[in-house]
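In case you want the letters, here they are:
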Amino acid sequence: MAALKLLSSGLRLCASARGSGATWYKGCVCSFSTSAHRHTKFYTDPVEAVKDIPDGATVLVGGFGLCGIPENLIDALLKTGVKGLTAVSNNAGVDNFGLGLLLRSKQIKRMVSSYVGENAEFERQYLSGELEVELTPQGTLAERIRAGGAGVPAFYTPTGYGTLVQEGGSPIKYNKDGSVAIASKPREVREFNGQHFILEEAITGDFALVKAWKADRAGNVIFRKSARNFNLPMCKAAETTVVEVEEIVDIGAFAPEDIHIPQIYVHRLIKGEKYEKRIEGKMVKGMGGAMDLVSSAKTKVVVTMEHSAKGNAHKIMEKCTLPLTGKQCVNRIITEKAVFDVDKKKGLTLIELWEGLTVDDVQKSTGCDFAVSPKLMPMQQIAN
């Protein structure tokens, strides 16, 4: 977005020169004025860097799980007391850390996320109608943010076709009585080369809060390893980007080709004072990246699972009762009892059976019909 602003500024300068009687050159867009150059502003107090974020703002918050989150800037928002935020982040932190702190203080009105983690307060607020939640497949979330930074208003993706993401109706907000107050809207669908795609709109923010490793005194930024994650595209997708770093170095300390984000995208910068750098190790909830993994027409999807649920309830069924991760995308199912090949038209075929079990045993624990391969064989380990 910053690059588009400078381009717009350059065009206005050229038009102004034309109107004032200056010579109009065919390629005048190339002669930009250096007066439009903007410098990164450095801060020593994180609260000062975010105190002008208003109530109701959309804030992009970097990180993946608890890796590479802007800890100091999140703490600063907690101190400002800003309310009604829409937070766009891959996840929602945990109960007492990261965005979980802002959820606990009820400063977030809506979360746009891929998964929410093991956050009891998040779950409580969502189910009681206090919090709006827009769950988005992980790859789609990343591309929506990247598209926002590139000035692309929308794009087509196969991810989510045939699921609630495409069909709409997924609860964004509940009423206190448990009914749905706000539901997701259906997506536009188009077919390209025989495959269905859905239209996803880009995401932009009023502010981006980003965690990086180092910055030089000009405001150029580099990330460290996997902490780059969502931080990088978010830098480009917000009107104002605030970056916290672990170290500020002299200009020239790292080579130009090693810079991940040039200073044109970095509006404010602060050196963080403390970092816990927690690693999230609990079970997560939400689709995460699963929808993206199964959406490619060329991907072979193999599902490994327990054959039955608690109480011997069927898990392999004629029709799914839970929201779909992907439609007609599974090629093989492997359980502790059997192996099935899956054909979109013919259905399931039993190809391997655990030693000591019979076909009848598998039929009793399977909630749908299946064919039996004439080459049915015992399950076995694959030799190296």
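Check the entry above for the structure.
Engineer: Got a minute to help me understand the overall build of the chain in this structure?
Structural biologist: A count of helices and strands for the chain gives 10 helices and 21 strands. When burial is assessed residue by residue, the chain has 43% of its 384 residues classed as buried. Counting contacts in the chain only where the partners sit at least 6 residues apart, residues at least 24 apart contribute 70% of the total. Per element, the accessible surface of the chain, about 20800 Å² overall, is 53% carbon and sulfur.

Engineer: For this particular structure, what's the right way to read empty space enclosed by the protein?
Structural biologist: Taken as a whole and assessed by the stated rule, the structure comprises 3 cavities of 30 Å³ or more. Around the largest cavity sit 13 residues that line it, and G65, I69, N91, G93 and L99 are the ones nearest its centre. Grouping the amino acids of the lining of the largest cavity by side-chain chemistry returns 6 nonpolar, 7 polar and no charged. The computed volume of the second largest cavity comes to approximately 40 Å³. Taken together, E71, I74, D75, F97, G98 and L101 form the lining of the second largest cavity. With 3 residues, helix α3 (residues 71-80) is the largest single contributor of residues to the lining of the second largest cavity. Here the lining of the second largest cavity is composed, by residue class, of 3 nonpolar, 1 polar and 2 charged.

Engineer: Teacher, can you tell me more about the sheet that holds strand β4 (residues 108-113) here?
Structural biologist: In a beta sheet, neighbouring strands are held together by backbone hydrogen bonds and run either parallel or antiparallel to one another. Strand order in the open sheet formed by 8 strands is β1-β16-β14-β11-β2-β3-β4-β5, with parallel pairing between adjacent strands. Every interior strand has two partners, whereas the edge strands, β1 (41-43) and β5 (132-135), have only one. Going from strand to strand, the sheet's axes swing by 20 degrees on average, the running direction of each strand aside. Pairing of strand β3 (residues 85-88) with β4 involves 4 bridges; the strand directions are parallel. Bridging across to β4, T86 finds its partner in R110.

Engineer: Could you clarify how one ought to interpret the environment of C329 in this entry?
Structural biologist: If you trace the backbone, C329 turns up in the loop between β17 (301-304) and β18 (330-334). Among the residues examined, C329 registers a relative accessible area of 16% and is labelled buried. C-alpha of C329 to C-alpha of K300: the two residues are 29 residues apart in sequence and 8.0 Å apart in space. The residues contacting C329, other than those within four sequence positions of it, are V294 and V301.

Engineer: What is the right way to read the pattern of salt bridges from this model?
Structural biologist: A side chain with one charge can pair with a side chain of the opposite charge if their charged atoms come near. This structure, assessed with the given rule, holds 15 salt bridges. Put simply, D52 and R268 hold a salt bridge, and the shortest N to O gap is 2.7 Å. One end of the pair, D52, is in the loop between α2 (46-50) and β2 (58-61); the other, R268, is in strand β16 (residues 268-271), with 216 residues separating them in the sequence. Taking the shortest distance from any N to any O, the salt bridge between D250 and R217 comes out at 2.9 Å. Of the two residues, D250 is situated in the loop between β15 (247-249) and β16 and R217 in the loop between β12 (214-216) and β13 (221-222); the sequence distance between them amounts to 33 residues. Look at the salt bridges and you will find they share partners, linking K106, E121, R124 and E130 into a network.

Engineer: Help me out: how do you make sense of the packing of aromatic side chains in this one?
Structural biologist: Within a pair of aromatic rings, the relevant descriptors are the distance that separates the centres and the angle that separates the planes. Counting across every chain of the model gives 5 aromatic pairs. The residue whose ring lies beneath K214 is W213, and the NZ or CZ to ring-centre distance is 4.4 Å. The ring of W213 has R224 lying over it, and the distance from NZ or CZ to the ring centre is 5.8 Å.

Engineer: Whenever I open this one, the sheet that holds strand β10 (residues 195-201) confuses me. Can you help?
Structural biologist: Strand order in the open sheet made by the 3 strands is β6-β10-β9, with antiparallel pairing throughout. Since the sheet does not close on itself, it has two edges, and those belong to β6 (154-157) and β9 (189-192), each with one partner. Adjacent strand axes in the sheet meet at a mean angle of 35 degrees, parallel and antiparallel pairs treated alike. Along the sheet face, helix α6 (residues 138-150) touches β6 and β10 and points at about 155 degrees away from the line of β6.

Engineer: Got a minute to help me understand α6 in this structure?
Structural biologist: An α-helical turn contains 3.6 residues, so any two residues separated by three or four positions project in the same direction. Helix length check: α6, at 13 residues, gives a terminal C-alpha distance of 19 Å against a target of 18 Å (1.5 Å per residue), a fit within 8%. What α6 keeps buried is the set Q138, T140, L141, R144, I145, A147, G148 and G149. At the C-terminal side of α6, G151 shows a positive phi close to 80 degrees.

Engineer: Teacher, can you tell me more about the pairing of β9 here?
Structural biologist: On any regular strand, side chains alternate: one points to one face of the sheet, the next to the other face. Here β9 pairs with β10 via 4 bridges, running antiparallel. When the sheet's bridge partners are listed, E191 is paired in β10 with H196. What sits between the antiparallel neighbours β9 and β10 is a turn of 2 residues, in which N193 has the positive phi angle 50 degrees.

The rules we used
Residues numbered from 1 in each chain as written. Predicted model: local features only at pLDDT ≥ 70, side-chain atom pairs only at ≥ 80, totals over all residues. Heavy atoms only, no water. Helix = DSSP H or I, 4+ residues; strand = E, 2+ residues; numbered from the N terminus. Buried < 20%, exposed > 50% of the residue type's maximum accessible area, 1.4 Å probe, protein only. Contact = heavy atoms within 4.5 Å. Areas by Shrake-Rupley, 256 points an atom, 1.4 Å probe, with all protein chains shown as cover. 1 Å grid on protein atoms, 1.4 Å probe; cavity = no way out; pocket = protein on both sides within 12 Å on 5 of 7 lines; lining within 4 Å. Points joined across faces, edges and corners; volume = space filled by probe spheres on them. Nonpolar A, V, L, I, M, F, W, Y, C, P; charged D, E, K, R; others polar. Pairing = 2+ DSSP bridges. Axes fitted to C-alpha atoms, helices over the stretch in contact; angles between N-to-C directions. Salt bridge = Lys/Arg side-chain N within 4 Å of Asp/Glu carboxyl O. Phe/Tyr/Trp six-rings, centres within 6.5 Å; stacked < 30°, edge-to-face > 60°. Lys NZ or Arg CZ within 6 Å of the ring centre and 35° of its normal. Expected span 1.5 Å × (residues − 1).

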